[in-house]
Amino acid sequence: MADENTTENEAPTEEAMAESAATEAVPTEAGAGDEQATEAQPRTLTDFAELAAVATGTTAPERPAEETSNEPQIDEHGRSYATGRRKDAVARVWIKPGSGNMVINGREVSRYFARPTQQMMIKQPFDVSGRANQYDVICTVSGGGLSGQAGAVRHGISRALVAYEPALRPTLKKGGFLTRDSRTVERKKYGRAKARRSFQFSKR
């Protein structure tokens, strides 16, 4: 009798153990699939920022909204405006459809920039984009010398062309006209005549 009772009690326990093992096997397989899916997706900086916010109890930073508009930026006078910079010079440029006239600080471009190389530099964005003699330019430039001012005007004209005709951006970008040249004069150091020039050495 005792043996029969023990065998009857052991049988249900084995069946229960088999059922529990089957039920546990399904979530583990699903969990393995989820782990593989998470490993397949690379984590980004925003994900780590959200994890850090959860760990510290603070709110995660909001992701900035990306604004991508290819619409022309034209004011009520039919002009596009842009700012150009080079060295210490800053140029404010307005362009509008015309016959190619350029006025810089109230003077014609040939009188303000007397050197042919500087005039050629200013007209480069129009030549590369195929818009020569199609826009009038009004510009005010200050700071730096004539070389830096010519570079600032060219930078401003390039950006203004993109504002008026966004389709020209790839062409001007490829030519390097939209990149702000960050090269500036190196500062003077104490103990030296210039940035790196040493004083004349005297043995005695």
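Every chain begins its residue count from 1, and numbering advances along the sequence as written. This being a predicted model, a pLDDT of at least 70 is required before a residue's local features are given, and a value of 80 or more before pairs of side-chain atoms are given or counted; all residues contribute to the totals for chains, interfaces and linings. The side-chain figures draw on all heavy atoms in the structure; neither hydrogens nor water molecules are used.

Draft legend 1. View of the overall build of the protein chain. The way it works is that DSSP assigns letters per residue, a run of H or I at least four long becomes a helix, a run of E at least two long becomes a strand, and they are numbered from the N terminus. Across its full length, the protein chain carries six helices and five strands. Traced from its N-terminal end to its C-terminal end, the protein chain shows the element sequence α-α-β-β-β-β-α-α-β-α-α. In what follows, a contact means two residues having at least one pair of non-hydrogen atoms within 4.5 Å. Across the protein chain, every contact between residues at least 6 apart in sequence was considered, and the portion connecting residues at least 24 apart equals 65%. The Shrake-Rupley method, run with a 1.4 Å probe, gives the accessible areas here. Residue values count only the displayed protein chains as cover. Carbon and sulfur atoms provide 52% of the accessible area of the protein chain, an area that totals close to 15,200 Å².

Draft legend 2. Just the side chain of Glu-165, in detail. Looking at the element boundaries, Glu-165 is found in the loop between helix 5 (146-164) and helix 6 (169-175). Leave out the neighbours within four places in its chain, and Glu-165 touches Arg-131 and Tyr-135.

Draft legend 3. Summary view of the sheet that holds strand 4 (residues 107-108). The five strands lie next to each other as 1-2-5-3-4, forming an open sheet whose pairing is mixed. Edge positions in the open sheet fall to strand 1 (80-86) and strand 4, since each of these has one partner strand only. With three bridges joining them, strand 3 (residues 102-104) and strand 5 (residues 135-142) adopt parallel strand pairing. Each bridged residue has a counterpart across the sheet, and for Met-102 the counterpart in strand 5 is Val-137. Geometry is summarised by axes, namely lines fitted to C-alpha atoms with helices restricted to the contacting stretch, and by angles between N-to-C directions that run from 0 to 180 degrees. In the packing of helix 4 (residues 116-129) onto the sheet, the strands contacted are strand 3 and strand 5, and the crossing angle to strand 3 comes to about 140 degrees. Note: two strands are recorded as paired if DSSP finds a minimum of 2 bridges between them.

Draft legend 4. Structural context of the confidence of the model for the protein chain. For every residue, the pLDDT score states the predictor's confidence, bounded by 0 at the bottom and 100 at the top. Taken residue by residue, the protein chain gives an average pLDDT of 82. The fraction at 70 or more is 68%. Note that residues 25-32 has pLDDT below 50 and, in this model, zero contacts with residues that lie over four places away or in other chains.

Draft legend 5. A look at unusual backbone geometry. A positive phi angle, near 55 degrees, is found at Lys-87, a position not held by glycine. When you line up the elements, Lys-87 lands in the loop between strand 1 and strand 2 (89-97). Even without glycine at this site, Asn-133 takes up a positive phi of about 60 degrees. Mapped onto the elements of the fold, Asn-133 is located in the loop between helix 4 and strand 5.

Draft legend 6. Looking closely at the packing of aromatic side chains. Between 30 and 60 degrees the pair is tilted, below 30 it is stacked and above 60 it is edge-to-face, where a pair is any two Phe, Tyr or Trp rings, Trp via its six-membered ring, whose centres lie within 6.5 Å. With the rule as written, the count across this model stands at four aromatic pairs. Ring plane angle 80 degrees and centroid distance 4.9 Å describe the contact between Tyr-112 and Phe-113, whose orientation is recorded as edge-to-face. Neither residue differs from the other here; Tyr-112 and Phe-113 are each classed as buried. Aromatic side chains Tyr-135 and Tyr-164 sit 5.4 Å apart centroid to centroid with 80 degrees between the ring planes, which places their arrangement in the edge-to-face category. Within this pair, whereas Tyr-135 is found in strand 5, its partner Tyr-164 is found in helix 5, the two being separated by 29 residues in sequence. The burial state of Tyr-135 is the same as that of Tyr-164; both residues are buried. Through successive ring pairs, a cluster of aromatic residues spans Phe-126, Tyr-135 and Tyr-164. Per-residue accessibility, obtained with a 1.4 Å probe over protein chains only, is compared with the maximum for each type, and a residue is labelled buried under 20%, exposed over 50%, and partly exposed between these values.

Draft legend 7. Main features of the environment of Gly-175. Among the secondary structure elements, Gly-175 is positioned in helix 6. The class of Gly-175 is partly exposed, set by a relative accessible area of 46%. Separated by 51 residues in the primary sequence, Gly-175 and Gln-124 place their C-alpha atoms 9.7 Å from one another.

Draft legend 8. Up close: the pairing of strand 1. In terms of residue burial, strand 1 counts as a mostly covered element, since five of its seven residues are buried. When strand 1 meets strand 2, the two strands line up antiparallel, connected through seven bridges. In the sheet register, Thr-83 faces strand 2, and the bridge partner there is Arg-92. Two successive antiparallel strands, strand 1 and strand 2, enclose a turn made up of two residues, where Lys-87 displays a positive phi of approximately 55 degrees.

Draft legend 9. Inspection of the pattern of salt bridges at higher detail. By convention in these notes, a salt bridge is any Lys or Arg side-chain nitrogen within 4 Å of a carboxyl oxygen on Asp or Glu. Taken as a whole, this structure holds six salt bridges when the rule is applied. The partner of Arg-79 in a salt bridge is Asp-75, with the nearest N and O atoms 3.3 Å apart. Since its relative accessible area comes to 25%, Arg-79 is described here as partly exposed. Across the pair Glu-165 and Arg-131 runs a salt bridge, and its minimum N-O distance is 2.9 Å. You can see Glu-165 sitting in the loop between helix 5 and helix 6 and its partner Arg-131 sitting in the loop between helix 4 and strand 5, a full 34 residues away along the chain. With relative accessibility at 22%, the residue Arg-131 sits in the partly exposed group. Three or more residues joined by partner-sharing salt bridges are found here, namely Arg-86, Asp-181 and Arg-183.

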